[in-house]
Amino acid sequence: MHTDGHENAIEVTDLRRVYGGGFEAVRGITFSVARGEVFALLGTNGAGKTSTVELLEGLAAPAGGRVRVLGHDPHRERAAVRPRTGVMLQEGGFPAELTVAETARMWAGCTSHARPRDEVLDLVGLTSKAGVRVKQLSGGERRRLDLALALLGDPEVLFLDEPTTGLDAEGRRDTWELVRGLRDAGTTVLLTTHYLEEAEDLADRLAILHEGRIAASGTPAEVTAGRPSRMSFELPEGYFLGDLPPLADLGVCGHESDGRVVRLRTRELQRTATAVLAWAERTGVELRALDVRSASLEEAFLGIARAEEATA
């Protein structure tokens, strides 16, 4: 595997992308991805995830800023970068009449130093489908084929655009295990996803894009730090929010109530949960639909979206 003397496999500085008509999809973002790291780009539809990844893959030149992949400009020095990267697009668009094995063989013919076809099909769990035509595959099986072809060149940097869309829970978990194994073997992985659990589980670091800008970045723990945890429950007939002890005494930093359903936000989850449960015990109250959740990436993600809406 090449080293090039660069600590980071991907370096992005003040990157911008503008489409015809002046729409600025990427508005000056900066981040880096270390070698052997899984980095996730998160964001709602239209946040700029795919637009960013296409610039990293060299499919277009940026309107401003700088991109380096393995020390090279992926657009101007495509010949130096492309053989060392793998790309899994959102939709592969392979010939429907070819079998899985024929598709892999065709793709291998276009790939420098391709890995054995059967080895790659086995990696993604498609060995039993080798003789099946692409048009007969399920959506999840097509995603597995997309991933297999991205791995054929044994890439140093792997771009995965929504890799588990269309997969069932088992397929998603299998893909996560595969990505972890690639990372452990030294592959750098940049993925986009709208599954927050996927990013929280897989990513060493991540960035949340919102309207073309990075709203938050860091490790999953760093991004969730400072975000409130949540506790919700339903009070029995005759009880309401005001019957609880003073919320400030419970460590609560925000709340909503809808009739007897109470939702609390807190930065001191143990203190709040203990106090609420102690009150329920003293009062002889049964808290139904009790749900207690630590601060999560979902809370951070939704918090960013709510903050943007509030200033809009």
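Right, let's walk through the structure included here.

Reading the values: rules and limits
Residues numbered from 1 in each chain as written. Predicted model: local features only at pLDDT ≥ 70, side-chain atom pairs only at ≥ 80, totals over all residues. Heavy atoms only, no water. Helix = DSSP H or I, 4+ residues; strand = E, 2+ residues; numbered from the N terminus. Buried < 20%, exposed > 50% of the residue type's maximum accessible area, 1.4 Å probe, protein only. Areas by Shrake-Rupley, 256 points an atom, 1.4 Å probe, with all protein chains shown as cover. 1 Å grid on protein atoms, 1.4 Å probe; cavity = no way out; pocket = protein on both sides within 12 Å on 5 of 7 lines; lining within 4 Å. Points joined across faces, edges and corners; volume = space filled by probe spheres on them. Nonpolar A, V, L, I, M, F, W, Y, C, P; charged D, E, K, R; others polar. Phe/Tyr/Trp six-rings, centres within 6.5 Å; stacked < 30°, edge-to-face > 60°. Lys NZ or Arg CZ within 6 Å of the ring centre and 35° of its normal. Pairing = 2+ DSSP bridges. Axes fitted to C-alpha atoms, helices over the stretch in contact; angles between N-to-C directions. Contact = heavy atoms within 4.5 Å. Salt bridge = Lys/Arg side-chain N within 4 Å of Asp/Glu carboxyl O.

## Concerning the overall build of the chain
Broken down by element type, the chain carries 10 helices and 13 strands. For the C-alpha atoms alone, the extent of the chain along its principal axes is close to 75 × 45 × 40 Å. Scored against the burial criterion, the 312 residues of the chain give a buried share of 46%. Split by element, the accessible area of the chain, about 15100 Å² in all, is 47% carbon and sulfur.

## Overview of empty space enclosed by the protein
Counted by the stated rule, this structure contains 2 cavities of 30 Å³ or more. Approximately 50 Å³ is the volume attributed to the largest cavity. In terms of lining residues, the largest cavity is bounded by L56, E57, P74, R78, V81, R82, T85, V87 and F159. Elements represented by at least two residues in the lining of the largest cavity include exactly α2 (78-81) and β5 (85-88). Among the residues forming the lining of the largest cavity, the class breakdown is 5 nonpolar, 1 polar and 3 charged. Considered as a void within the structure, the second largest cavity measures approximately 40 Å³ in volume.

## Comments concerning the packing of aromatic side chains
Using the criterion set out here, one finds 3 aromatic pairs in the structure. Pairing F94 with W107 gives two aromatic rings, centres 5.8 Å apart and planes at 85°, and the pair type is edge-to-face. Here F94, found in the loop between β5 and α3 (100-108), pairs with W107, found in helix α3; they are 13 residues apart in sequence, far enough to count as distant. Overall, the relative accessible area of 18% leaves F94 in the buried class. The exposure class assigned to W107 is partly exposed, which follows from its relative accessible area of 32%. Residue placement shows R172 over the ring face of Y195; its charged tip is 4.1 Å from the ring centre.

## Some points on the sheet that holds strand β11 (residues 252-258)
Here 4 strands make up an open sheet; going across it, the order is β11-β12-β10-β13 and the pairing antiparallel. Each edge of the open sheet is held by one strand with a lone partner, namely β11 and β13 (288-293). Here the average twist between neighbouring strands, direction ignored, is 10°. Of the pairings in the sheet, the one linking strand β10 (residues 229-234) to strand β12 (residues 261-266) comprises 6 bridges and is antiparallel in character. Note that in β12 the partner of E234 across the bridge is V261. Contacting β10, β11, β12 and β13, helix α9 (residues 269-283) crosses the sheet at an angle of about 15° to β10.

## Looking at the layout of surface pockets
Computed from the structure, the largest pocket encloses a volume of approximately 450 Å³. Lining the largest pocket are 21 residues, and of these R82, T85, V87, W107 and L149 sit closest to its centre. Taken together, the elements giving at least two residues each to the lining of the largest pocket come down to β5 and α5 (139-151). At 4 residues, the largest contribution of residues to the lining of the largest pocket is made by β5.

## A short note on the pattern of salt bridges
Counted under the stated rule, the structure contains 27 salt bridges. Here E119 and R115 are joined by a salt bridge, their closest N and O atoms 2.8 Å apart. Judged by its relative accessible area of 17%, R115 is buried. Among the charged side chains, a salt-bridge network with shared partners connects R35, R84 and E156.

Honestly, it's all geometry; don't read function into it.
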